[in-house]
Amino acid sequence: MASVATAQHSLDLRRLVDDLVKDDRLGQEDANRLLGAVRTREQAMMHPLAYIASQGLEDLARPGKVLDGDTLTAWLADKAELPVYHIDPLKIDVPKVTDVMSYAFAKRHGILCVEVTQETVVVACTQPFITGWEPQLEHVARRSVKRVFANPADIDRHLVEFYTLARSVNRASGGPGASGAGNFEQLVDLGSFSEDPEANDQHVVKIVDWLLQYAYDQRASDIHIEPRREVGRVRFRIDGVLHPVYELPANVANAVTSRFKVLARMNIAEKRKPQDGRIKTRRSDDSEVELRLSTLPTAFGEKLVLRIFDPDVLLRSFADLGLVGEDYERWRGMLERPNGIVLVTGPTGSGKTTTLYSSLRQIATEEVNVSTIEDPIEMVEEHFNQTQVHHKIGLDFAAGIRTLMRQDPDIIMVGEIRDLETAQMAVQAALTGHLVLSTVHTNDAPATVARLLDLGIPPYLINATLLGVMAQRLVRTLCPHCKEEGEISSEDWQQLVTPWKVSVPQRIYRPVGCLECRNTGYLGRQGLYEILLLSESVKDRIGTETSLGELRKQAMREGMRTLRLSGAQKVAAGLTTVEEVMRVAPPPEKER
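Residues numbered from 1 in each chain as written. Predicted model: local features only at pLDDT ≥ 70, side-chain atom pairs only at ≥ 80, totals over all residues. Heavy atoms only, no water.

This part takes up the packing of helix α15 (residues 397–404) against helix α16 (residues 420–431). Two elements in contact, α15 and α16, have axes separated by 8 Å at closest approach and are oriented at 20°. What the angle tells us is that α15 and α16 run roughly parallel. α16 is crossed by α15, and the crossing has left-handed handedness. Contact residues: F397, A398, I401 and R402 in α15; E421, T422, M425, A426 and A429 in α16. Considering only residue class, the contact of α15 with α16 consists of six nonpolar, one polar and two charged. (Axes fitted to C-alpha atoms, helices over the stretch in contact; angles between N-to-C directions. Helix = DSSP H or I, 4+ residues; strand = E, 2+ residues; numbered from the N terminus. Parallel < 35°, antiparallel > 145°, perpendicular 65-115°, else oblique. Left-handed = near helix turned anticlockwise from the far one by under 90°. Contact = heavy atoms within 4.5 Å. Nonpolar A, V, L, I, M, F, W, Y, C, P; charged D, E, K, R; others polar.)

This part takes up the sheet that holds strand β2 (residues 120–125). Strand order in this open sheet of three strands is β1-β2-β3, and the pairing throughout is mixed. Two strands lie at the open edges of the sheet, namely β1 (111–116) and β3 (144–149), each paired on one side alone. Taking each pair of neighbouring strands and ignoring which way they run, the sheet shows an average axis angle of 30°. Note that β1 and β2 share five bridges and pair antiparallel. (Pairing = 2+ DSSP bridges.)

Time to look at the pattern of salt bridges. Applying the stated criterion across every chain, the model contains 34 salt bridges. Put simply, R332 and E329 hold a salt bridge, and the shortest N to O gap is 3.0 Å. In this pair, R332 and E329 both sit in helix α13 (residues 325–335), three residues apart, roughly one turn of the helix. Take E329: its relative accessible area is 42%, and that puts it in the partly exposed class. Where E336 meets R332, a salt bridge forms, and the shortest distance between an N and an O atom there is 3.7 Å. Judged by relative accessible area, E336 falls into the exposed class, the value being 58%. R332 sits in the partly exposed class, given a relative accessible area of 34%. In the salt-bridge network here, residues are joined through shared partners; they are R278, K280, R282, E288 and E290. (Salt bridge = Lys/Arg side-chain N within 4 Å of Asp/Glu carboxyl O. Buried < 20%, exposed > 50% of the residue type's maximum accessible area, 1.4 Å probe, protein only.)

For α16, built from twelve residues, the straight-helix expectation of 16 Å at 1.5 Å per residue is met to within 8% by its first-to-last C-alpha distance of 16 Å. Regarding α16, the residues found buried are T422, A423, M425, A426, V427, A429 and A430. Measuring from the backbone nitrogen of E421 back to the side-chain oxygen at the start of α16 gives 3.4 Å, which picks out D419 as the cap. Downstream of α16 by one or two residues, G433 has phi in the positive range, about 100°. (Expected span 1.5 Å × (residues − 1). Polar contact = N/O pair within 3.5 Å; in protein donor to acceptor, adjacent residues only side chain to side chain.)

Right, let's get into the sheet that holds strand β7 (residues 275–282). The strands that make up a sheet pair up through hydrogen bonds in the backbone, lying either parallel or antiparallel. Within the open sheet, the six strands sit side by side as β6-β5-β4-β9-β8-β7. Their pairing is antiparallel. Each edge of the open sheet carries a strand with a single partner, namely β6 (241–249) and β7. Averaged over all pairs of adjacent strands, the angle between their axes in this sheet comes to 20°, without regard to strand direction. Bridge count for strand β4 (residues 222–227) against strand β5 (residues 231–238) is six bridges, and the pairing is antiparallel. Note that in β5 the partner of D222 across the bridge is R237.

Our next topic: the domain arrangement of the chain. Each assigned domain of the chain is listed here: domain 1 (13–80), domain 2 (201–309) and domain 3 (314–476 + 525–561). Its C-alpha centre places domain 2 at a distance of 31 Å from the equivalent point of domain 3. Each side of the interface is counted separately: domain 2 has nine residues, and domain 3 has eight residues. Here domain 2 packs against domain 3, burying approximately 790 Å² in sum over the two surfaces, 51% of which is carbon and sulfur. (Domains from an automatic or database assignment. Buried area = accessible area lost by both parts, 1.4 Å probe.)

A few words on unusual backbone geometry. Positive phi, close to 55°, is recorded for R265, a residue that is not glycine. Note on placement: R265 falls in the loop between α11 (250–263) and β7. Classification of R265 by relative accessible area gives exposed; the value is 70%.

Right, let's get into the pairing of β7. Regular strands show a simple pattern: their side chains alternate between the two faces of the sheet. A one-sided burial pattern is seen for β7, the buried positions being Q275, G277, I279 and T281 and the unburied ones D276, R278, K280 and R282. Two strands pair when backbone bridges link them, and β7 and strand β8 (residues 288–298) are joined in this way by eight bridges, in the antiparallel orientation. Directly across from Q275, in β8, lies its bridge partner T295. Linking β7 back to β8 in an antiparallel pair, the connection comprises five residues, with D286 at a positive phi of about 75°.

The next subject is the environment of G415. Relative to the helices and strands, G415 is located in the loop between β13 (411–414) and α16. What makes G415 partly exposed here is its relative accessible area of 22%. Put simply, G415 and I373 are 42 residues apart on the chain and 6.1 Å apart in space, counted from C-alpha to C-alpha. Setting aside chain neighbours within four positions, we find G415 in contact with I373, E374, F397, S438 and T439.

Let us now look at the packing of aromatic side chains. Under the definition given, this model contains six aromatic pairs. Both rings, one in W210 and one in Y246, keep their centres 6.2 Å apart while their planes meet at 70°; by these two values the pair is edge-to-face. Residue W210 is located in helix α10 (residues 202–217), and its partner Y246 is located in strand β6; the two are separated by 36 residues in the primary sequence. Comparing W210 with Y246, the two get one shared label, buried. Ring plane angle 40° and centroid distance 6.1 Å describe the contact between Y357 and F384, whose orientation is recorded as tilted. A residue pair is termed long-range when its members are at least 10 positions apart, and Y357 in helix α14 (residues 352–363) and F384 in the loop between β11 (370–374) and β12 (385–388) qualify at 27 residues. Like Y357, the residue F384 is buried in the burial classification. Through a chain of ring-to-ring contacts, the aromatic side chains of W210, Y214, F236 and Y246 assemble into a single cluster. One residue, R167, lies across the ring of Y103, its end atom 5.9 Å from the ring centre. (Phe/Tyr/Trp six-rings, centres within 6.5 Å; stacked < 30°, edge-to-face > 60°. Lys NZ or Arg CZ within 6 Å of the ring centre and 35° of its normal.)

Turning our eyes to something else, we now look at the nonpolar core. Residues M101, F236, V256 and F260 are the most contacted members of the largest nonpolar core, which totals 87 residues. Taken domain by domain, the makeup of this core includes at least three residues from each of domain 1 (13–80) and domain 2 (201–309). Contact partners of V256, with chain neighbours within four places excluded, come to V204, I207, V208, L211, I225 and L248. I341, V475, L496 and V578 belong to the second largest nonpolar core, which has 51 residues in total. (Core = buried A, V, L, I, M, F, W, Y, C linked by side-chain atoms within 4.5 Å.)

Attention now moves to the environment of Q362. Residue placement: Q362 occurs in helix α14. The partly exposed category is assigned to Q362, whose relative accessible area is 41%. Here the alpha-carbon distance between Q362 and K206, two residues 156 residues apart in the chain, equals 39 Å.

Written out as structure tokens, the structure is:
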């Protein structure tokens, strides 16, 4: 055993520093400065490993990098001959692990249960050379204990979070009774008088606060609270994929949903019909976050989905969104036109709103009046004049555009063109000298022209007003910390780039998985874009008997790249994978 400590002895800062110097991980000068520094009361209370990590000292074994918490954890785990464990909250069953031991016991010994099986409990410890607590825990848990070593800072943080959440859920549930509000299979327990928690119950408030902060920390774009027969499932959508987070007792899940409805000023008594609302909150870094809420009655109660809007989305450049090169030049060219219609198309969650808001933010100068009509207003932006649709008073998209045209606008953004009247008003606005931006729901850019024709817009008005259409999708990007070079067959590559004949790139990458990306191999998302410009030759093919195939071929001859080809370029650039592109991008028309 190394000299950092002997059995049943806690870690000592001086011994840790001495061993780091001996292992050529820390310079003697840094070591002397570290040991000679006067520590504040807060620093003196820190775990010695966490204190060393907080100083940002250079790691001699990795020039240019510092001795951070994860590096020091791996180093000390090797000394103690223990496995390293990275605590991923999304993969931990909080009710199970907090039931193994009390908070007082865990806090006293600096340990945290992270996994529970029929035979074993896996316990992460902050003191790798102290094992006196093991026999007692094995007796209480009636399972063998497997020790692992984790970053002490992570253990301290999650120890408080897990037990606080478990305590709040426990006290909010108030007993075995479950709420049957809206449950088609409600079971009545005779003689049971347990009451459901209220939306303003302090424990429910804590659960809601934790859910929101946790979602922000995990980069979630959506929170799903889904009622089931006996529990309420909580899931986060991260990088386009849903992850299970927690299972709340049914009555607590109902109370949490009610709490969100209270915050969004929705009718908490109405559980039979869908409702929409919005909340503005703050992150721990004091930045504001917009949330849009939607409820839906289901067989077991109200399902709630919260869409989280990134407060930094309006500050992102087109390059951050993945719109670069020729695609960027085409898009910018459309936005610089004084009048006409520019459409963005794609399914829900494909980034259309982000594209439109980012574009408007960059062209909303002091010299122009930017007005929007939305249902609902996605994000409040002080540089725009934003109007909310209210169907009950007759303020729909068409009426909103009609009114906005009397407001001396330069640029009008319409949330969505979904009917003939809205399309006609958008055309009218474009004909009278305004630039109109909007969204539609079609598979690709050429299909949008067919959609306008189906709505009833005459071909000559489409040719006179439509500047272009951009279809988009979001693909997960490879984690830069762990991606590795891979191989691809010519058949798979050709399937991706059809009908073009594009040679297989010399180098492509594949996902691996690491701590940074939660072992998924992907971190973040970027857009794929397909931009159709209405040139004269494209307009010639738009008529009462428009052939979508001919329209698409002509656009491709003039430089339009399909979504899959756009994805192939990102594969060749090492940003994503063939499988990811084929998952989100529609196949060539002949395969549909």
